[in-house]
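The lines below spell out each chain.
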Amino acid sequence: MFFKRGIAAVLAAVTVFGLAGCGGSNDAATAEGTENTTKPTGFVEKKVEPVNFESGVELTDDCYHFIYALGNAPATIDAAKFFKMRLEQESKGTLSCDIYTDNVLGSERELLEGCQFGNYDIILATNATVASFDNDIFCLDIPWLFDNKEQVYEVLDGPLGDRLAKGLESKGFKLLQWQENSFRTLSTNKKIEKMSDLEGIKIRIMENELQLQQWKNYGANPTPMAFTELFTALQQKTVDAQDNGAELTWQTKFYEVQSHYTYTKHIYSPYLILMSKEKFDGLTPEQQEIVLKVSDEAVDYERKRVSEYEAIALENIKNHPNMEYGELSPEAIEEFKAACANLKDMAYEKVKDPSVVDLLYSEVEKAKVKFPAEG
């Protein structure tokens, strides 16, 4: 049985950040009766209703508290609180977790290193960062693979996900679940309708070689940068663009420093919920079973919750007076796909075992048959 421990110098916090709306007045029409095509300035932000997570369980004196560290995406924070609630309920108060949000314990790389060495029990990281610890994860950085989320879940929850999970164990990680990080989309300060519109644009990307090459292929000027530095970089024009999911784009208030949003869905980037393999192996079989069960429940909850946040975020972006919303035409999408044809070969070179790329493509094809593209 593990004994309760405290964490000095860091305060456990679970914070879902509030988002401020903009006030103003509505303009019904321009002079001479001409219809006004601009957005009304009386924008009122829509929000996802908060959820109260209380386990109703009294913790035991020897309750073991996991350290659970993650960033600031609202749905993942909600999922962490859901995990904590169910963990306490299933363990009858013998297991709980202290949740540290907004990367207060370090960047994703620092969290991964801490998890490897057993300093943190559970952490959340994006696949692009995890790939530098286990190169087989690089296969997930091939863009334009998926048409919808159902295809993604079918692949990640199937043989490919199991194989990648096994590889992570040799690096000191126990994969608990693939969480939703949604499709990446694009915000810029100019309209993007075709690939040539990206020529010379300075875009912030994650530190990942496949993503770097992807944007070079489009003619852009990609710049690896920590997410925590991104808002200021956009504000100061150090970079001109960024790509993240709709939820994170809205929640981080990029509409204050970006004028155009393009719903590209150019790549799907999952979150990985990883546990220290050393810490997981140190649990009793009963405790391991509880952690795995609760993790399964949490990912189901998180994926649904992301869809709620994403729908509201897209509606806010479409209606916000500072943002112009757009989508790529089918012809433009084919142009972007063709520009990335060499990334499959690059993935073969980056992974430890090239057969993992073959498995990815075969699983994607099966998923597309089962869950065909809309329309």
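Note that the structure is a prediction, hence the values are computed from the model and not measured. (Residues numbered from 1 in each chain as written. Predicted model: local features only at pLDDT ≥ 70, side-chain atom pairs only at ≥ 80, totals over all residues. Heavy atoms only, no water.)

1. Quick look at the overall build of the protein chain
For the protein chain, the count of helices and strands is 13 helices and 11 strands. Residue burial in the protein chain is summarised as follows: out of 375 residues, 54% are buried. Restricting the contact set of the protein chain to residue pairs at least 6 apart, pairs at least 24 apart contribute 77%. Of the accessible surface of the protein chain, which amounts to about 16,600 Å², a share of 51% is contributed by carbon and sulfur atoms. (Helix = DSSP H or I, 4+ residues; strand = E, 2+ residues; numbered from the N terminus. Buried < 20%, exposed > 50% of the residue type's maximum accessible area, 1.4 Å probe, protein only. Contact = heavy atoms within 4.5 Å. Areas by Shrake-Rupley, 256 points an atom, 1.4 Å probe, with all protein chains shown as cover.)

2. Digging into the nonpolar core
Across soluble globular proteins, you tend to see nonpolar side chains buried next to one another. In this structure, I123, L140, L198, Y218, L274 and L360 are the most contacted members of the largest nonpolar core, which totals 63 residues. If you tally residues by element for this core, the top one is helix α13 (residues 355–370), at 6 residues. Not counting residues up to four positions away in its chain, the partners in contact with L360 are C139, L140, I142, L145, V155 and L160. Counting 29 residues, the second largest nonpolar core, distinct from the first, contains F66, Y68, A73 and V294. (Core = buried A, V, L, I, M, F, W, Y, C linked by side-chain atoms within 4.5 Å.)

3. Some points on the packing of helix α12 (residues 343–350) against α13
One way to put it is that α12 packs onto α13 with a least axis distance of 8 Å and a crossing angle of 135 degrees. Judged by the inter-axis angle, α12 sits oblique to α13. Contacts between α12 and α13 pair K344, A347 and Y348 from the former with V357, D358 and Y361 from the latter. Of the residues belonging to the contact of α12 with α13, the class tally is 4 nonpolar, no polar and 2 charged. (Axes fitted to C-alpha atoms, helices over the stretch in contact; angles between N-to-C directions. Parallel < 35°, antiparallel > 145°, perpendicular 65-115°, else oblique. Nonpolar A, V, L, I, M, F, W, Y, C, P; charged D, E, K, R; others polar.)

4. As for the sheet that holds strand β5 (residues 183–188)
Two strands in a sheet stick together by hydrogen bonds in their backbones, pointing the same way (parallel) or opposite ways (antiparallel). Spatially, β7-β6-β8-β5-β9-β11 is the arrangement adopted by the 6 strands of the open sheet, whose pairing is mixed. At either margin of the open sheet sits one strand with a lone partner, and together these are β7 (221–224) and β11 (324–326). For this sheet, the mean inter-axis angle between neighbouring strands, taken without regard to orientation, is 30 degrees. In terms of strand pairing, strand β6 (residues 202–205) meets strand β8 (residues 241–244) through 2 bridges, oriented parallel. Its bridge partner lying in β8, I203 is registered against A241. Along the sheet, helix α10 (residues 285–319) makes contact with β9 (260–268) and β11, crossing β9 at roughly 150 degrees. (Pairing = 2+ DSSP bridges.)

5. Things to note about the layout of surface pockets
Rolling a probe over the atoms, with the probe sized like a water molecule, indicates the empty space that remains. Its boundaries defined by the atoms lining it, the largest pocket holds a volume of some 590 Å³. Taken together, 27 residues line the largest pocket, and the ones lying closest to its centre are E108, T129, R204, M206 and F227. The set of elements that each furnish at least two residues to the lining of the largest pocket consists of α2 (108–116), β3 (122–126) and α3 (127–130). Volume-wise, the second largest pocket comes out at about 410 Å³. Residue lining of the second largest pocket: 17 residues in total, with D147, T264, K265, L328 and I333 positioned closest to the centre. (1 Å grid on protein atoms, 1.4 Å probe; cavity = no way out; pocket = protein on both sides within 12 Å on 5 of 7 lines; lining within 4 Å. Points joined across faces, edges and corners; volume = space filled by probe spheres on them.)

6. Comments concerning the confidence of the model for the protein chain
On average, the protein chain scores 90 in pLDDT, and the residues at 70 or more come to 89%. Per-residue pLDDT stays below 50 along residues 1–37; that stretch engages in 72 contacts with residues further than four places along the chain or on separate chains. (pLDDT = per-residue confidence, 0-100.)

7. What to know about the packing of helix α5 (residues 159–169) against α13
One way to put it is that α5 packs onto α13 with a least axis distance of 9 Å and a crossing angle of 155 degrees. One way to sum up the angle between α5 and α13 is to call them roughly antiparallel. Mapping the contact onto sequence places P159, L160, R163 and L164 in α5 and S355, V356, L359, L360 and E363 in α13. Residues of the contact of α5 with α13, tallied by class, amount to 6 nonpolar, 1 polar and 2 charged.

8. Comments concerning empty space enclosed by the protein
Scanning the entire structure with this criterion turns up 3 cavities of 30 Å³ or more. Every residue along the wall of the largest cavity is listed here: A73, A75, T76, E180, N181, S182, G245, E247, L248, Y271, E302 and V306. The set of elements that each furnish at least two residues to the lining of the largest cavity consists of α1 (74–90), α8 (246–251) and α10. Split by residue class, the lining of the largest cavity holds 5 nonpolar, 4 polar and 3 charged. Its boundaries defined by the atoms lining it, the second largest cavity holds a volume of some 60 Å³. Lining the second largest cavity are Y68, F83, I122, L176, Q177, Q179, I273, S295, A298 and V299.

9. Examining the sheet that holds strand β4 (residues 173–179)
Read from one edge to the other, the open sheet built from 5 strands follows the order β2-β1-β3-β10-β4, with strand pairing classed as mixed. Pairing within the sheet leaves two strands with one partner each, and these edge strands are β2 (95–100) and β4. When the angles between neighbouring strand axes are averaged without regard to direction, this sheet yields 25 degrees. Relative to strand β10 (residues 271–276), β4 is paired through 6 bridges, and the arrangement is antiparallel. Residue pairing in the sheet places K174 in a bridge with M275 of β10. α5 rests against β4 and β10 of the sheet, and its axis sits at about 145 degrees to β4.

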